[in-house]
Amino acid sequence: MTFAARRAAIAYAFLGIPLVFFVGVRFAPMLYMIAMSFTDWGLLRKTVHVVGLANFASIFADPVFLKSLVNTAKYAVLGTPTVIVLSLCIALILDRVPRGKGVYRLLYVLPYITPVVAVAWVWRWMFQSPPLGIINAVFVSVGLRAHEFLNSATQALPSILAVNVWIELGYCTIVFLAGMQTIPSSIMEAARMDGASGWQLLRRITLPLLLPVTLLLVVVEGIQFLRIFTQVYNLSYQALGGPLDSTKSATLYIYQKAFTNFDMGVAASASLVLFAIILAVTLVQLKLFDRRLNY
Amino acid sequence: MAATKGRTPAVAPAYVVLSLLSVVMLFPFLWMLLSSLKDATQIYQMTLFPANPTLDNYVSIFLSRNSRFPQWFLNSAIVGVATTVSVLFFDSLVGYTLAKFRFPGKRIIFLLIISTLMIPTEMLVIPWYALARALKWVNSYWGIMFPGMISAFGVFLMRQFMATMPDELIDAARVDGKRELPIFFAVVLPLVTPALAILAIFNFIGNWNAFLWPLIAVATPRMFTLPVGLANFSGEAGANWQAIMTGATVSMLPLVIVFLIFQKQIVKGIALSGLKG
Amino acid sequence: MKRTRIGVILSLALFLGAAIAGQAADVTITYWQYFYQSKVDLMSDLIQQFEARNPGIHVEQVTFPYESYQQKVAAAVPAGEGPDVINLYYGWLPLWVKSGYLQALPQSAFSTARLAKTFYPFVAQSVSFGGKNYSVPTAVRTLALIYNKRLFREAGLDPNVPPRTLEELLADAKKLSKYDAQGNLVQSGLLMQPSGQGHVWIREVLFRQFGATPYSADGRTVTYDSPAGIHAFQWYTDRITKDKVGYPNFSTDDVTAFTAQKAAMNIDGSFRIATLNAVKNLEWGAAELPTYKGIKSNFASFWTNAIVSGISGAKLDAAVKFLAFLTSPEVQDQWLRKVGELPATPSLSERYQNDPVIRVFLKGLAYAHATSYVDEAGQRAILDDAVDEVNLKRTDPAAALDAAAAKEQKLINDFWKQGNE
C-alpha cells in the first residue's frame, strides 16, 4: 500500500465508530421519524398500518396543535428580539466600564449554566400568587396590584418567556462582548478623531461590525425559543401547558402525543412540521442577513 | 479593546444599571437558598430570612428512608462523567482525522457531521425511544447516555483547534516509527488541552442539565437523573416547596463549583461558540 | 488428609445442593404502585409480613410519581417489562382491561359470589368486565369536608359545628376568607381545586344535589348538561368568581394550601387522613359533605390490585397469594390506621364507628356513587378546563358546561368505538 493509501485507511478506521454513531443516532432516526409520520404506530395498538397523510390532517384539525403553534410563534417572535436587544445593550454598557467586566460577566452567565429544571421551579415558587409568592409580595408592598402570572391564561406565556430571557441573557451578552472585542480599536480611534459622536460610532461602526454575531445569535436563540420544552414542562401546572393550553409549546404537544397518548405516528408528524418550521425560519433568516452582510 | 475613554458619558449610571441587573440575575438563587433553610412552617411565611434557619431539609433529602435523591445525584454524575470521557476521546479523534488526514470523501463526511447539528433533539427522541425499547436499553445508564456519546459540535471545535496545530511534531513521531493511535494520545492531545477543557466542561454541564431525553429514557424512579427527579417532587400530595428548593440548590452545587474553578474556560467557550459563525 | 478433603467436598456439595434447592423454590414478584408516602411506607411493612408468612416468595415494590404512572405502565406492560402485580385507580380498569394489560382473576380464589359477599356493591360492580373479575382492592375512599379548627376559632366560628348545608358552607366560607389590603385572597375560606377532588364533588355530588344526573345508567351518555346541571356548575364557579372564597391553584394547589394552613375548608378524600395527621400543629376535623335541599351524595373511589396479563406458573400462584393477603381483614385494618383509606369490606368498619374522623368518611359510603370512567385523566381535565374557562376567560358557565359535555361525550364515544375494532 502506498503511504497515502495507508493514511486513508487509518483515517477511515478512526472514523468508523463515529460515523456509525452519527448515522445510527442522527440520520437513521430522522428517516425513521419521517416514515413513522405516515403510519398509525402507537404503543397501545398491536399492529402498524400506513395511513398516508391522515396524521397530518388530524393535527391540523386539532385546535390544541394549532394553539401550540401559535404559542411557539409567540415565544420566538417575542422572545428572540427581547433577549438580543437586551443583551446587546448590556454588552455595550459592560464594554464601557473600566473595571469589573469579568465579575459582571460571570454573574450574568450563572443562570445559563445551571439546570433549567431547578431555575424553573425557583421562578415558579417566586411567581406564586399571594400569600406565597415573593414577586407579588414586593408588588403589593409598593402599591402595584398582584398578578396571576402562571395562573392566568394571558400572563402565563409571557411569564415563561421572561424566565427564558433571563436564562439566555448572560450567554448572549458574552457572545456580543466577544464580538465587540474583535473590533480593532484603531477604527474606533480614527472615527473619533474625525469627530464622530458616540451615537454615530455605535450606528456606523459597532453595530454593522457586530452583524455576523447578531445573525448567529438571532438564529441560535430563535431555534432555542422554537424548541422550548423544559421551561414549559416545569412552569405549568402538572406539566400540561396550561392554563387552558395557553403555554403549550409545539414540543410539549409532541411529547404529550407520544408519551401520554402513545400516538407515536401523530407525534412524528407534528415533529416533522416543527422541524420544517425551524428549518424554514432559519433559512429565511440566513438569506435576509446574508443580503445585508454583503451590501 | 473597543473601550472608549474620556469623553464618554459618566460611568456611574452604567454601574448602577449593571448592579441592578446583577440583583435580578442573582436574587432567584438567593431566594432559593434561603427557602431551603426554612422548615415547613417558615417557608409559607413571607419573610426574606428564616427566623430559625435549619438544615433539616438537607438532612431529609439525603438521609430519609424513602429519599432517592442520593441515587439521582449518583446517576447524574455517572452519566455526566461517562459521556464526557467518550466525547473527549471520539470528538478529538474525529477532529484530528478531519484536520490532519487526507482521504477521499473528507469534505462530504465533514459536512454530514456538521449537518446533524441542524436536526433538533426534540425530533429524535421518539425514534430513540423506539430504538431503546427494541434493544432493551430503556431504564439503563446506556439508554440515557447513548445519544450523547459523540457530539458534532465538539467535532467541529476540535477540528478548528487541530487545524492550527503544527504538523512537525506529528511527522517527527511518524518518522520515529510510532503508530497512529499512540501518536494521537501522546502528541496530539497534549497540544489541544485548552480545547479539551472547554469541551469537557460544556459537555458535562450540558449532560448534567439534560431533561427531555432522560425524562423519556427512564422508567423507574431509581434511574432518574437529578433534573428528572427534581421535576417529580411535586405531585398528587401537593408541592413540598422546601424539598424542591433544597433539591434545586443541591442540583446546582456541582455546576457552581465547576463554574468557579473553570470561569475562564467557560467564558472563552461561549465566546468561541459565538465567533465560529 | 484424604478424609478431610472428602469431607470438605461433601459439605460443599450439600451446601450447594441446599442453596440450589432453595433457589428453585424462590419466586420473586414485582409490585407497582404510585408514589404516595404513607402507602409506600405501609406497603414496605406489609411486604415484610407477607414474606415472613410465605417463605420462598419475595415481593419487590416499585413506585412511580402519580403523573407518569399510567404512561410508565402503558410503555412497559406491552413490552413485557411490567410488573406481576399492579395497583391501579379503578377508573383506569376499562382502558387497561381493553388494552389487554390485565388478566382475569382465577375464579377459584376470587369468584363473583365471593366478591359480592366481601366488598361493597360499587366495588364488585366496577371490577367486573364481561363476566370476569379483574382486580380486588384493599381500601376505598370517600369525600368529606375537612376544615381547620384553629382558623374556625379565629373567625369566631365553633370548631365543633362545621357547616351542614351548602348555604351554611357558603356563609362560613365567606367568614373564613381573608384578603390583604389590595383585596388579594390570602386565606381561602373554601378551596376550589377542580383538578383535585373538586371535579368529583361537582360530578357526583353537586350535580345530583341540584337535581341532575351526571351519566346514564350504563355510563355511556353524558347527561349533566341539563338546566339543573348548569345550575350546579354555576353554583361552583360563582364561589370562585363572585364570592372569591377560593380559586384553582391558590397556594400552588389545595393540599399545599391546607397543610400550610392558608385555607380553612376543603373537599378532600379519606386518603388524606394520614398526610394531614403528619403535619405539625394542624388541628383539623372532618364533617359529612354538606347537603342541599336535604339531598346527600358522595363520591366513592378506590385503588385496586390486579395481575398483569402473561403472568403464569409459580409467579401467578405467588401473585394470587399476595392479592389474597392484600385484601385480608388484618391488612385492611392496618391500611385504615396507617393510610386512612376505609376498608373495602363493609363489616370491617364496625369498630371505627367511634373515631370522629373515620366515622365521617364511613357515613359517606352509604350514599356514595362511583363514576364509570373510561379515561379518568381526560374526563377530569375536561371539567377542570370548563372551570378555568369560566374563571380565566369569563365564559358563561352554561356555555362552558355544554362544551365540556360535548367533549366528554366524544371521549366516551371514541373509547367504545375503538373497542369494537
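The numbering scheme is per chain: residues are counted from 1 as the chain's sequence reads. All chains are assigned letters beginning at A, and all ligands numbers beginning at 1, according to the order in which they are written. Given that this is a predicted model, residues contribute local features only at a pLDDT of at least 70 and side-chain atom pairs are listed and counted only at 80 or more, while totals for whole chains, interfaces and linings are drawn from all residues.

Examining the overall build of chain C
The condition that has to hold: Only runs of H or I of at least four residues qualify as helices and only runs of E of at least two qualify as strands under DSSP, and these elements are numbered from the N terminus. Whether a residue is buried, exposed or partly exposed follows from its count of other C-beta atoms within 10 Å of its own C-beta, namely 20 or more, 12 or fewer, or something in between, respectively; the C-beta atoms are built from the backbone.
If you tally the helices and strands in chain C, you get 17 helices and 16 strands. The principal-axis extent of the C-alpha atoms belonging to chain C is close to 95 × 55 × 40 Å. A total of 421 residues make up chain C; the buried ones form 50% of that total.

Overview of the overall build of chain B
Worth spelling out the cut-off: When we talk radius of gyration, it's over C-alpha atoms, and the globule rule is simply 2.2 Å times the number of residues to the 0.38. Note on contacts: each residue gets a C-beta atom placed from the backbone, and two residues are in contact if those atoms are within 7 Å.
Across its full length, chain B carries 14 helices and two strands. The C-alpha atoms of chain B give 23 Å as radius of gyration, which overshoots the globular expectation for 277 residues (19 Å, by more than 25%). By principal-axis analysis of the C-alpha atoms, chain B measures approximately 75 × 70 × 35 Å. Looking at chain B as a whole, 44% of its 277 residues are labelled buried. Pairs at least 24 apart in sequence give 75% of the contacts found in chain B among residues at least 6 apart.

Looking at the interface of chain A and chain B
At the interface, 76 residues of chain A touch 71 residues of chain B. Looking at the side of chain A that touches chain B element by element, the count peaks at 17 residues for helix 1 (residues 3–36) of chain A.

Notes on the domain arrangement of chain C
Residues and elements named next belong to chain C. Going by this rule: For the domain bounds, the source is a domain assignment made automatically or taken from a database.
For chain C, the assigned domains are domain 1 (27–141 + 301–360) and domain 2 (143–299 + 374–419). On a C-alpha basis, the centres of domain 1 and domain 2 stand 28 Å from each other. Facing the 16 residues of domain 1 at the interface are 16 residues of domain 2. Within the residue set of the side of domain 1 that touches domain 2, elements represented by two or more residues are helix 4 (93–98) and helix 15 (356–365). No other element matches helix 4, which puts three residues into the side of domain 1 that touches domain 2.

A look at the packing of helix 9 (residues 194–209) of chain C against helix 16 (residues 376–393) of chain C
Residues and elements named next belong to chain C. The condition that has to hold: To define axes, lines are fitted to C-alpha atoms, for helices over the stretch in contact only, and angles between the resulting N-to-C directions are given on a 0 to 180 degree scale. Roughly parallel covers angles under 35 degrees, roughly antiparallel covers those over 145, roughly perpendicular covers 65 to 115, and oblique covers all other angles. Amino acids are sorted into nonpolar (Ala, Val, Leu, Ile, Met, Phe, Trp, Tyr, Cys and Pro), charged (Asp, Glu, Lys and Arg) and polar (every other residue, Gly among them).
It is the contact of helix 9 with helix 16, at a shortest axis distance of 9 Å, that shows an interaxial angle of 95°. By the angle class used here, helix 9 and helix 16 are roughly perpendicular. Residue-level contacts link Pro194, Ser195, His199, Ile202 and Arg203 of helix 9 to Arg380, Leu383, Asp384 and Val387 of helix 16. For the contact of helix 9 with helix 16, the class distribution of residues is four nonpolar, two polar and three charged.

A few points about the interface of chain C and chain B
Contacts between the two partners involve 23 residues from chain C, matched on the other side by 13 residues from chain B. Elements that contribute at least two residues to the side of chain C that touches chain B include exactly helix 2 (37–53), strand 2 (57–64), helix 3 (66–76) and helix 11 (254–259) of chain C. Considering each element in turn, the side of chain C that touches chain B owes the most residues, five residues, to helix 3 of chain C.

A look at helix 1 (residues 12–36) of chain B
All names here are of chain B. The condition is simple: Expected helix span is given by 1.5 Å per residue-to-residue step, counting one fewer step than there are residues. Throughout, bend refers to the angle between the axes fitted to the seven residues that end at a position and the seven residues that start at it.
Over its 25 residues, helix 1 runs 36 Å from end to end, which matches the ideal 36 Å to within 8%, given 1.5 Å per residue. Taking the largest bend as the criterion, helix 1 deviates by roughly 40°, centred on Leu26, and proline Pro28 comes between one and four positions later. All of the buried residues along helix 1 are Leu21, Met25, Pro28, Met32, Ser35 and Ser36.

Comments concerning the domain arrangement of chain B
Residues and elements named next belong to chain B. When its domains are assigned, chain B resolves into domain 1 (12–54) and domain 2 (62–275). Computed from C-alpha atoms alone, the centre-to-centre distance between domain 1 and domain 2 is 32 Å. Each partner contributes residues to the interface: domain 1 has eight residues there, and domain 2 has six residues. Here the residues of the side of domain 1 that touches domain 2 are counted per class, giving four nonpolar, two polar and two charged.

Structural notes on the sheet that holds strand 12 (residues 284–287) of chain C
Residue and element names in this part refer to chain C. Test applied: Two strands make a pair as long as DSSP finds a minimum of two bridges between them.
Strand order in the open sheet made by the three strands is 11-8-12, with antiparallel pairing throughout. Each having just a single partner strand, strand 11 (265–269) and strand 12 make up the two edges of the open sheet. On average, each strand axis in the sheet is tilted by 35° relative to the strand beside it, whichever way the strands run. Bridge count for strand 8 (residues 143–148) against strand 12 is four bridges, and the pairing is antiparallel. Pairing of Asn148 across the sheet is with Trp284, part of strand 12.

Here we look at the packing of helix 7 (residues 156–180) of chain A against helix 10 (residues 211–226) of chain A
If you want to describe how two helices pack, look at the angle between their axes and the distance between the axes. Residues and elements named next belong to chain A. We count it as follows: Take the far helix as the reference: if the near one is turned anticlockwise from it by less than a right angle, the crossing is left-handed, and if turned clockwise, right-handed.
Running from amino to carboxyl end, helix 7 crosses helix 10 at an angle of 160°, the nearest separation of the two axes being 10 Å. Classified by the interaxial angle, the pair formed by helix 7 and helix 10 is roughly antiparallel. Here helix 7 and helix 10 pass one another in a crossing that is right-handed. On helix 10, the residues that touch Asn164, Glu168, Cys172, Val175, Phe176 and Gly179 of helix 7 are Val213, Leu217, Glu221, Gln224 and Phe225. When the residues that make up the contact of helix 7 with helix 10 are grouped by side-chain class, the tally is six nonpolar, three polar and two charged.

Brief notes about the environment of Leu392(C)
Take Leu392(C): it is sitting in helix 16. Expressed as a C-alpha distance, the spacing of Leu392(C) and Tyr352(C), which sit 40 residues apart in the sequence, is 43 Å. Excluding residues that lie within four positions of it along the chain, Leu392(C) makes contacts with Ser152(A), Ala153(A), Pro243(A) and Leu244(A).

Points about helix 12 (residues 250–259) of chain A
Along helix 12 of chain A, 10 of the 10 residues are buried, which leaves the element largely enclosed by surrounding structure. Regarding helix 12 of chain A, the residues found buried are Ala250(A), Thr251(A), Leu252(A), Tyr253(A), Ile254(A), Tyr255(A), Gln256(A), Lys257(A), Ala258(A) and Phe259(A).

Details of the confidence of the model for chain C
Operational definition: The predictor reports its confidence for every residue as pLDDT, a score running from 0 up to 100.
Of all residues in chain C, 93% have pLDDT values of 70 or greater, and the mean over the chain is 88. Quick note on the complex model: pTM equals 0.87, ipTM equals 0.87.

Overview of the pairing of strand 8 of chain C
All names here are of chain C. Buried residues dominate strand 8, accounting for six of its six residues. Neither face of strand 8 is exposed, since Leu143, Leu145 and Tyr147 on one face and Ala144, Ile146 and Asn148 on the opposite face are all buried. As judged from the five bridges shared by strand 8 and strand 11, these two strands associate in the antiparallel manner. What sits directly across from Tyr147, in strand 11, is Met265.

A closer look at the environment of Glu283(C)
Residue and element names in this part refer to chain C. Structurally, Glu283 can be placed in the loop between helix 12 (273–277) and strand 12. For Glu283 and Trp201, which are 82 residues apart along the polypeptide, the C-alpha to C-alpha distance reads 24 Å. With sequence-adjacent residues up to four places away left out, Glu283 is seen in contact with Asn148, Lys149 and Arg150.

Some thoughts on unusual backbone geometry
With an omega of 5°, the peptide bond between Pro130(A) and Pro131(A) qualifies as cis. One can find Pro131(A) in the loop between helix 5 (116–126) and helix 6 (134–141). Here the bond from Gly242(A) into Pro243(A) is cis, since omega is 0°, no more than 30 degrees from zero. Its place among the elements puts Pro243(A) in the loop between helix 11 (230–235) and helix 12. Look at Lys244(C): it is not a glycine, yet its phi comes out positive at around 50°. For Lys244(C), the position within the fold is in the loop between helix 10 (227–241) and helix 11. Positive phi outside glycine occurs at Lys293(C), with the angle close to 55°. Position of Lys293(C) relative to the elements: it lies in the loop between strand 12 and strand 13 (298–299). On the neighbour-count criterion, Lys293(C) (9 C-beta atoms within 10 Å) is exposed.

Side note on the confidence of the model for chain B
Residue and element names in this part refer to chain B. Predicted confidence across chain B gives a mean pLDDT of 86, with 94% of residues reaching 70 or more. Highest mean pLDDT in chain B belongs to helix 6 (residues 141–145) (94); lowest belongs to strand 1 (residues 234–235) (68). Of the regions scoring below 50 in pLDDT, residues 1–7 engages in 13 contacts with residues more than four places distant in sequence or in other chains.

Some thoughts on the environment of Met33(A)
Tracing the chain through its elements places Met33(A) in helix 1. For Met33(A), a count of 24 C-beta atoms within 10 Å corresponds to the buried category. In this structure the C-alpha to C-alpha distance between Met33(A) and Val20(A), which are 13 residues apart in sequence, comes to 18 Å. In contact with Met33(A), not counting residues within four places along its chain, are Ala268(A), Ser271(A), Leu272(A), Met123(B), Ile126(B) and Pro127(B).

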